[in-house]
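# Inside the fold
Residues per chain are reported as follows:
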Amino acid sequence: MSAQRHGDGPVLFISDLHLTPERPAPAALFHRFIRDIAPHAEALYILGDFFEAWVGDDDLGLPFHAGVAASLKGLADAGVRVYFMAGNRDFLAGPRLAAHAGWTHLADPCVIDLHGHPTLLSHGDAYCTDDPAYQAFRQQVRTAAWQADFLAKPLEERRAMARAIRERSEQAKAGKKPDIMDVNPDAILAAMRQAGVTRLIHGHTHRPARHFLRVDGVECERWVLPDWYESGGYLACDSNGCQARTFP
Ligand code: LP5
Ligand code: MN
């Protein structure tokens, strides 16, 4: 069990905002969420793909990125603990971004104590085991050697590479069956069994839902977080359990 333990106020979970200056709606929703909703929480967990594409912490030079980070820092300074887990879009988020955003970086996956319930958190892409092309790509870009080589390139070159890989990814996805881009049920079972939890919260698939499943005869739940393309959405958990909420 990791050090995170919650017992008092509501704990909020968000993911897949895909924030970029090119898409103003999710950014507006995010700033509204930080102003009106998040301050009432004990903690906020961001489970990946917070940014559309993060090519290195020098990307904080973009005023849009700096503004988003400052917004989170304000929340953290006001006493809401902020945690960040990387997704497949922002796995290069580093310590400088963490300092600017005031968040604690969590490993994927990790277990937290949520009002007495051990809860497994993940971005979710690692459970998409029916998509071997993606898993091979993921394995490559998560190595220290690949990341050091990539981060040594000039910012503009990294941005161009990210654009190119986004295009390749969209082309690849157009040829994939929708089912293989969802999580694999056996991967979910194995992860929950290994972690010894009765609840899993993840994002990535943009298929928001509450799924019920049995793990070794025990009733369990899996919450999938929504993206923020059309409206804002988050999971709010307290000692009575979790609730999916959308706004405005
Ligand atoms: O992101 P999403 O949800 O649309 O699709 C994902 C998978 N795609 C990805 C790629 C990201 O979108 C690109 C992120 C760029 C920002 C990171 C910046 C730093 C890295 C820069 C890299 C050069 O994650 C998609 C899944 C889908 O989720 C559902 O799970 O299917 O996977 C793919 O489409 C991947 C293709 O199947 C395989 C791509 C092969 C590319 C091989 C080139 C490797 C060389 C890299 C160096 C240029
Ligand atoms: Mn993702």
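See the structure above.
Here's what I pulled together on the structure shown here. Keep in mind the model is a prediction, meaning the values are calculated, not measured. (Residues numbered from 1 in each chain as written. Chains lettered and ligands numbered in written order. Predicted model: local features only at pLDDT ≥ 70, side-chain atom pairs only at ≥ 80, totals over all residues. Heavy atoms only, no water.)

Counting across every chain of the model gives one disulfide. There is a disulfide in this structure between Cys237 and Cys242, and the S-S distance comes to 2.2 Å. When the S-S torsion is 105°, as for the bridge of Cys237 with Cys242, the disulfide is right-handed. A single burial state applies to Cys237 and to Cys242, both of which are buried. Among the cysteines around Cys110, which has no disulfide bond, Cys237 carries the closest sulfur, lying 14 Å off. (Disulfide = S-S within 2.5 Å. Buried < 20%, exposed > 50% of the residue type's maximum accessible area, 1.4 Å probe, protein only.)

Looking now at the site of ligand 1. Neighbouring ligand 1 are 24 residues; Arg89, Asp131, Lys173, Lys176 and His204 lie closest to it. One of the side-chain N or O atoms of Asp131 is found 2.7 Å from an oxygen atom in ligand 1. A distance of 2.9 Å is found between a nitrogen atom of ligand 1 and a side-chain nitrogen or oxygen belonging to Ser169. Taken together, the elements giving at least two residues each to the shell around ligand 1 come down to helix 4 (132-141), helix 5 (144-151) and helix 6 (155-174). Considering each element in turn, the shell around ligand 1 owes the most residues, eight residues, to helix 6. Along the lines of polarity and charge, the residues of the shell around ligand 1 split into 13 nonpolar, four polar and seven charged. (Near = heavy atom within 4 Å. Polar contact = N/O pair within 3.5 Å; in protein donor to acceptor, adjacent residues only side chain to side chain. Helix = DSSP H or I, 4+ residues; strand = E, 2+ residues; numbered from the N terminus. Nonpolar A, V, L, I, M, F, W, Y, C, P; charged D, E, K, R; others polar.)

Here the manganese ion (ligand 2) is held by the protein donor atoms Asp49 (OD), Asn88 (OD1), His123 (NE2) and His204 (ND1), which lie 2.0 to 2.2 Å from it. Taken in sequence order, the residues that donate to the manganese ion (ligand 2) follow the motif D-x38-N-x34-H-x80-H. Of the two residues, Asp49 is situated in the loop between strand 3 (43-47) and helix 2 (63-77) and Asn88 in the loop between strand 4 (81-85) and helix 3 (95-101); the sequence distance between them amounts to 39 residues. (Donors = N, O, S within 2.8 Å, 3.2 Å for Na, K, Ca; no water.)

So far we have only geometry, and geometry alone does not tell us how the molecule works.
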